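Now for the letters of each chain:
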Amino acid sequence: MLNCSTKAICSRGFTPNVISVRYRRVNVQKPRKPDHYRAVIETITKPKYPWPNPSNMTWSERCPKPFSKAFKQIENNPYENILAKELKELFEQSAMVAIFHKNPVKGEIDFKTRKTFKMADMDHVVYGKSTLKLALAETNYAAVLNLFQSHSSIVFSSTSQVPKLLKIIKKMPHLILLASIVDGKLLSKNQTVEYGNLVNIDNARARLIGVLGQVNNRCLQTIGQTQLTMVRYLEQYGQSLVDVNTEKKSTEELD
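This structure is a prediction, so every number in the text was calculated from the model and none was measured.

Caption draft 1: View of the packing of helix α5 (residues 78–93) against helix α7 (residues 129–136). The contact between α5 and α7 brings their axes to 8 Å, and the two run at 60°. Between α5 and α7, the crossing angle belongs to the class labelled oblique. For α5 against α7, the interelement crossing comes out right-handed. Together, E80, N81, L83, A84, L87, K88 and F91 of α5 and S130, T131, L132, L134, A135 and L136 of α7 make up the contact between the two elements.

Structure follows, in structure tokens:
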């Protein structure tokens, strides 16, 4: 048989009450001293130097991130120096340099991108910001360092083939063109597109030479018109003298 407490719990009208009971009163005003082990740990972990007071610091110094960076020492990495030297040579020897913002993609798409640029005689590379700063800090290309704020990539080409580059990146939405360096001149995105839409440089030079040749011919014709007119008049005058002499000789022979 069930006892009374079991019957009461199993009944439908039973509602349990939870009551918190404190068996010892906490002395807030005079807490007890910690035990020996805890006292040793607190003594060891006690800071030896005073922590800087934020109220005595400027607003720029209160941020903990710059405060930690101020004491951070950057070690000289020999491998990074080699990469910086190679990157500097690529910038100096390339006729076209295109700078892109690269969105995250799968490794397969990244491999296809590198393969496409390689087949077009271009090199698609990715370098860190510290390496770029080490390579271009004291060169004529230092202005492009402001473009490398997030994930970026660079395309190098030994020849200036901007139309081909613009045609390739149409099929690569993960690459966003930021700027380019063509023949030693820094161009924005719009200027690069305008440069790529221009006519072939050889055809443009041929047209320019043709226009200059027409102007030169017109100048020569204008300047030499008086001389040609004078020569024509002299020829006509000489011909008239010859005709007069022949008529005189014929009349003398008849006489």
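Caption draft 2: Examining the side chain of D110 more closely. In this fold, D110 is placed in helix α6 (residues 107–119). In this structure the side chain of D110 is engaged in a polar contact, spanning 3.0 Å, whose partner is the side chain of K102. Those residues in contact with D110, other than ones at most four positions away along the chain, are K102, V105 and H124.

Caption draft 3: The arrangement of unusual backbone geometry in detail. One non-glycine residue, D121, lies in the positive phi region at around 60°. Inspection of the secondary structure puts D121 in the loop between α6 and β2 (122–125). Taking relative accessible area as the criterion, D121 reaches 60% and is therefore assigned exposed. Despite not being glycine, D183 shows a phi value in the positive range, around 55°.

Caption draft 4: Region of interest: the packing of aromatic side chains. Using the criterion set out here, one finds 2 aromatic pairs in the structure. Judged by centre distance (5.4 Å) and plane angle (50°), the rings of F91 and Y141 are tilted. Taken together, the residues span a long stretch of sequence, with F91 in helix α5 and Y141 in the loop between α7 and β3 (152–157) at a distance of 50 residues. Ring geometry for F91 versus F156: centroids 5.2 Å apart, planes at 85°, classification edge-to-face. Within this pair, whereas F91 is found in helix α5, its partner F156 is found in strand β3, the two being separated by 65 residues in sequence. Of the residues examined, F91 reaches a relative accessible area of 1% and is grouped as buried.

Caption draft 5: Layout of a nonpolar patch on the surface. On the surface, Y37, V40, I41 and I44 cluster together to form a nonpolar patch covering roughly 420 Å² of accessible area. Relative to the helices and strands, Y37 resides in helix α2 (residues 36–44). Given a relative accessible area of 62%, Y37 falls into the exposed group.

Caption draft 6: Looking closely at the pattern of salt bridges. Scanning the model with the defined rule gives 5 salt bridges in all. The partner of E108 in a salt bridge is K112, and the shortest N-O contact between them spans 3.8 Å. Placement of the pair is E108 and K112 together in helix α6, with a separation of 4 residues, close to one helical turn. On the basis of relative accessibility, which here comes to 55%, the residue E108 falls in the exposed class. In this structure, K118 and D123 form a salt bridge, with 3.2 Å as the shortest nitrogen-oxygen distance. The class of D123 is partly exposed, set by a relative accessible area of 32%. Because the salt bridges share partners, they merge into one network encompassing K102, D110 and R114.

Rules and cut-offs
- Residues numbered from 1 in each chain as written.
- Predicted model: local features only at pLDDT ≥ 70, side-chain atom pairs only at ≥ 80, totals over all residues.
- Heavy atoms only, no water.
- Axes fitted to C-alpha atoms, helices over the stretch in contact; angles between N-to-C directions.
- Helix = DSSP H or I, 4+ residues; strand = E, 2+ residues; numbered from the N terminus.
- Parallel < 35°, antiparallel > 145°, perpendicular 65-115°, else oblique.
- Left-handed = near helix turned anticlockwise from the far one by under 90°.
- Contact = heavy atoms within 4.5 Å.
- Polar contact = N/O pair within 3.5 Å; in protein donor to acceptor, adjacent residues only side chain to side chain.
- Buried < 20%, exposed > 50% of the residue type's maximum accessible area, 1.4 Å probe, protein only.
- Phe/Tyr/Trp six-rings, centres within 6.5 Å; stacked < 30°, edge-to-face > 60°.
- Patch = residues over 30% accessible without salt bridge, like charges linked within 9 Å, V, L, I, M, F, W, Y side chains within 5 Å.
- Areas by Shrake-Rupley, 256 points an atom, 1.4 Å probe, with all protein chains shown as cover.
- Salt bridge = Lys/Arg side-chain N within 4 Å of Asp/Glu carboxyl O.

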